[in-house]
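Now for the letters of each chain:
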Amino acid sequence: MLNAIPKHWFSWDFRVMDGTRQVAEMDLTFWRRKGTLSVEGIAYEVFREGLVSGAYVLEAGGAVAARAEKPSAFRRTFLIEHAGRPLTLRARSASGRAFDLYDGPNEIGTIAPEGFLTRRAAVRLPEELPLPVRIFILWLVIIIWRREADSGGSGA
């Protein structure tokens, strides 16, 4: 299990821990549509291809490692593709902050806050997914949390 911990009290930048070992850092930009992930010392860019719509992309050295599409602006769901494997990331409920990852109809992972008033997160995603892809999936959840917090939404 991984744990995401905000770098500072009001920060949306995170350290990702595997037990006591830091394995990644997430630096979100002010605009939320892009950021930088440092995973075990390798820099990855995360960004949205369009201003309003378009895929979210995880890229390193010009190569796309994963993509995520948001099929509806009104649903907290992402369709993720990594190495030809389709996955679905979906909010567990309409107003909660927990998200579940599915491979077809099977739930294979979760990302959930560690408490009611915290941005700390417990990340339980399958280890067969490369670590950068697991961190990308976490980033997708965090940008939803941030958007909801900024808009005063009930899910934040």
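Scroll up to find the structure this text is about.
These numbers were taken from a predicted model, which means no experiment stands behind them.

What follows covers the environment of Leu-87. Checked against the element boundaries, Leu-87 lands in strand 9 (residues 85-91). Residue classification places Leu-87 among the buried positions, given a relative accessible area of 2%. Separated by 18 residues in sequence, Leu-87 and Pro-105 have C-alpha atoms that sit 9.8 Å apart. Ignoring any residue separated from it by four or fewer positions in sequence, one finds Leu-87 in contact with Phe-78, Leu-79, Ile-80, Leu-101, Tyr-102, Asp-103, Ile-108 and Leu-129.

Applying the stated criterion across every chain yields a total of nine salt bridges. The salt bridge involving Glu-25 is made with Lys-7; its shortest N-O contact spans 2.8 Å. Note that Glu-25 is positioned in strand 3 (residues 21-28) and Lys-7 in the loop between strand 1 (2-6) and strand 2 (14-18), a separation of 18 residues in sequence. Take Glu-25: its relative accessible area is 28%, and that puts it in the partly exposed class. With its nearest N and O atoms 2.8 Å apart, the salt bridge here joins Asp-27 to Lys-7. Here Lys-7 lies in the loop between strand 1 and strand 2 and Asp-27 lies in strand 3, a separation of 20 residues in the sequence. Each of Lys-7, Glu-25 and Asp-27 takes part in salt bridges that share partners, so that together they form one network.

The next subject is the sheet that holds strand 8 (residues 77-82). Reading around the barrel, the 12 strands line up as 1-2-3-4-5-6-7-8-9-10-11-12 and close back on themselves, with antiparallel pairing between neighbours. Neighbour-to-neighbour, the strand axes of the sheet open up by a mean angle of 20°, direction not taken into account. Relative to strand 10 (residues 99-103), strand 9 is paired through four bridges, and the arrangement is antiparallel. Paired with Ala-91 across the bridge in strand 10 is Phe-99. Here helix 1 (residues 131-151) sits on the sheet and contacts strand 1, strand 2, strand 3, strand 4 (34-39), strand 5 (42-48), strand 6 (56-60), strand 7 (63-69), strand 8, strand 9, strand 10, strand 11 (106-113) and strand 12 (121-124); the angle it forms with strand 3, its principal contact strand, is near 45°.

Let us look at the side chain of Thr-88. Tracing the backbone shows Thr-88 in strand 9. The exposure class assigned to Thr-88 is buried, which follows from its relative accessible area of 18%. If we ignore the near neighbours within four places in the chain, the residues touching Thr-88 are Thr-77, Phe-78, Leu-79, Asp-100, Leu-101 and Tyr-102.

Moving on to the packing of aromatic side chains. Scanning the model with the defined rule gives three aromatic pairs in all. Judged by centre distance (5.5 Å) and plane angle (80°), the ring pair of Tyr-56 and Phe-78 falls under edge-to-face. Here Tyr-56 is found in strand 6, whereas its partner Phe-78 is found in strand 8, with 22 residues between them in sequence. Judged on exposure class, the residue Tyr-56 and its partner Phe-78 are both buried. Here the aromatic rings of Phe-136 and Trp-139 are separated by 6.0 Å at their centres, their planes lie at 20°, and the arrangement is stacked. Note that Phe-136 and Trp-139 are positioned in helix 1 at a spacing of three residues, about one turn of the helix. In this pair, the class of Phe-136 matches that of Trp-139, namely buried. Through successive ring pairs, a cluster of aromatic residues spans Tyr-56, Phe-78, Phe-136 and Trp-139. Sitting over the ring of Tyr-102, Arg-90 keeps its end group 4.2 Å from the ring centre.

What counts and how
- Residues numbered from 1 in each chain as written.
- Predicted model: local features only at pLDDT ≥ 70, side-chain atom pairs only at ≥ 80, totals over all residues.
- Heavy atoms only, no water.
- Helix = DSSP H or I, 4+ residues; strand = E, 2+ residues; numbered from the N terminus.
- Buried < 20%, exposed > 50% of the residue type's maximum accessible area, 1.4 Å probe, protein only.
- Contact = heavy atoms within 4.5 Å.
- Salt bridge = Lys/Arg side-chain N within 4 Å of Asp/Glu carboxyl O.
- Pairing = 2+ DSSP bridges.
- Axes fitted to C-alpha atoms, helices over the stretch in contact; angles between N-to-C directions.
- Phe/Tyr/Trp six-rings, centres within 6.5 Å; stacked < 30°, edge-to-face > 60°.
- Lys NZ or Arg CZ within 6 Å of the ring centre and 35° of its normal.

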